[in-house]
There are 2 protein chains.
Amino acid sequence: MSTSRRRKHSYHHGDLPATLLRAAGKILEEEGVDALSLRELTRRAGVSHAAPYRHFPDRESLLAALAAEGFALLGEAQREAAAAAGLRGMGETYVGFALAHPQRFRLMFGGTVRIARHKALREVATRAFDGLAGALAARSPEAQGARDASIAAWALVHGLAQLLLEGRVAQAARAGRSEARFVSDVLATIRFAAGAPARAAAAVDQSA
Amino acid sequence: MSTSRRRKHSYHHGDLPATLLRAAGKILEEEGVDALSLRELTRRAGVSHAAPYRHFPDRESLLAALAAEGFALLGEAQREAAAAAGLRGMGETYVGFALAHPQRFRLMFGGTVRIARHKALREVATRAFDGLAGALAARSPEAQGARDASIAAWALVHGLAQLLLEGRVAQAARAGRSEARFVSDVLATIRFAAGAPARAAAAVDQSA
DNA sequence: ACCTGAACACCGTTCAAGT
DNA sequence: ACCTGAACACCGTTCAAGT
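Source: prediction; values computed, not measured.

Rules used in this analysis
Residues numbered from 1 in each chain as written. Chains lettered and ligands numbered in written order. Predicted model: local features only at pLDDT ≥ 70, side-chain atom pairs only at ≥ 80, totals over all residues. Heavy atoms only, no water. Phe/Tyr/Trp six-rings, centres within 6.5 Å; stacked < 30°, edge-to-face > 60°. Helix = DSSP H or I, 4+ residues; strand = E, 2+ residues; numbered from the N terminus. Buried < 20%, exposed > 50% of the residue type's maximum accessible area, 1.4 Å probe, protein only. Least-squares fit on C-alpha atoms with pLDDT ≥ 70 in both. Contact = heavy atoms within 4.5 Å. Buried area = accessible area lost by both parts, 1.4 Å probe. Salt bridge = Lys/Arg side-chain N within 4 Å of Asp/Glu carboxyl O. Polar contact = N/O pair within 3.5 Å; in protein donor to acceptor, adjacent residues only side chain to side chain. Nonpolar A, V, L, I, M, F, W, Y, C, P; charged D, E, K, R; others polar. Pairing = 2+ DSSP bridges.

Caption draft 1: Just the packing of aromatic side chains, in detail. A complete count under the given rule lists 12 aromatic pairs over all chains for this structure. Ring centres of Phe105(B) and Phe109(B) lie 4.8 Å apart, and the angle between their planes is 45°; this geometry places the pair in the tilted category. With Phe105(B) and Phe109(B) both in helix α4 (residues 102-109) and four residues apart, this pair spans about one turn of that helix. Given a relative accessible area of 1%, Phe105(B) falls into the buried group. Centre to centre, the rings of Phe129(B) and Trp154(B) are 4.1 Å apart; their planes meet at 40°, and the pair counts as tilted. Placement of the pair is Phe129(B) in helix α5 (residues 119-139) and Trp154(B) in helix α6 (residues 143-165), with a sequence separation of 25 residues. Every member of this aromatic cluster is reached through a ring pair, and the members are Phe71(A), Tyr94(A), Phe105(A), Phe109(A), Phe129(A) and Trp154(A).

Caption draft 2: Fine view of the relation of the copies chain A and chain B. Expressed as a screw transformation, the operator carrying chain A onto chain B has a rotation angle of 180° and an axial translation of 0.0 Å, and the superposed copies differ by an RMSD of 0.0 Å. A rotation of that kind, with that shift, is consistent with a two-fold axis. Looking at chain A, 100% of its interface residues are interface residues in chain B too, so the copies touch through the same face.

Caption draft 3: Just the interface of chain A and chain B, in detail. Across the contact, 52 residues belong to chain A and 52 residues belong to chain B. Roughly 4700 Å² is buried in total at the junction of chain A and chain B, and carbon and sulfur atoms are behind 57% of that figure. At the surface where chain A touches chain B, the tally comes to two salt bridges. Note that Arg177(B) and Asp148(A) form a salt bridge whose closest N and O atoms lie 2.7 Å from each other. The tally of links between chain A and chain B comes to three residue pairs in polar contact (both at pLDDT 80 or more). Those elements that provide at least two residues to the side of chain A that touches chain B are α4 (102-109), α5 (119-139), α6 (143-165), α7 (171-174), α8 (179-188), β1 (190-192) and α9 (198-206) of chain A. Looking at the side of chain A that touches chain B, its residues break down into 26 nonpolar, 12 polar and 14 charged. Where β1(A) meets strand β1 (residues 190-192) of chain B, three bridges bridge the pair, whose relative direction is antiparallel. Considered in β1(B), the bridge of Phe192(A) is made with Ile190(B).

What follows is the structure, encoded as structure tokens:
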């Protein structure tokens, strides 16, 4: 008689959390966070609208779980890229991840989820970034300058991803290049001055 | 007898749009976009909950107006910085704006407002960025390389702003420096290779 | 132990009606 | 021309009750 339940036994169907996360991920990627309501989610999953509360304290916690999945994926992709393609490969991978999963990336960095309040999320996010920082620090280990440069590198790829995602980079700037080539070219315009004392270098370069 | 109306004549009180934008800006900066509901806004403004619809087609259009204010402010600050402090000054101004108006900045770049769908917003946003691109292109006018470098420069400051805003940069990385000094030091680790053919330069730098 | 259904306090948006 | 009040179709969250 029921119209939407597809499960065998229906009542306890093994793993509702996983089912919810899968369905939520689909809604997220198709329509964005704002369209991801618990009620729509439970409709798709064929459970009552109160069911998620047995597994997630509130909506933000479910979003936090989705964001955590994203950081895990990004972190892994970065580690693989570091081994296979070096520093610039990591940057291209970062931007590539954002373009391949735009809504997920927005969720991870958009501020809707307060990362600090969700322990598992906080930890997996931190781990993803340690990779980038470590790779850059390893190249030129003069403490503070290298650390600053690693933040600049991260900011560069992060900002490029964000600008492309939001469509802020004009079509004209692409100049007919493929997306990957464009990203590669833009990143190639940058040089890191990690070795030099940052302050002095700044003074030199600024006088233009 | 009315409890909340503070206006003289009350019914048509001159400039409801401006009143709404002022109140909305306050809610935005205090509590963020997600807390900015039209109903809460109308409660504060002392009008009926349907009143905004005489002036804005929907909630997103009101948010678009708030974002447009932000881009106008940012654009102006950038133009002043360009005149007074040169290229690096513009970058510091960009990050400074984001840190001074975090919720506004999030609204401007968070993807909640579809910029392309709001004409006035689209135009003021474009104008704000022409400034940055122009300043960099003027320094080294070799068509494509310079354009790519200007995008990289923008991505750099934008990403740094975003990472600082979301609290993704660990306290430890600051190493006791003031925020302004930290930003300045991070930006100083970067050199632009706008003059050189981007591709060749990339190949050289990559082999590390 | 896990899920449901009714209930509550919110939303955004529409529209006939008021001034 | 501009604003209101009732109405509609949604939300997130809570809680007693069901299996």
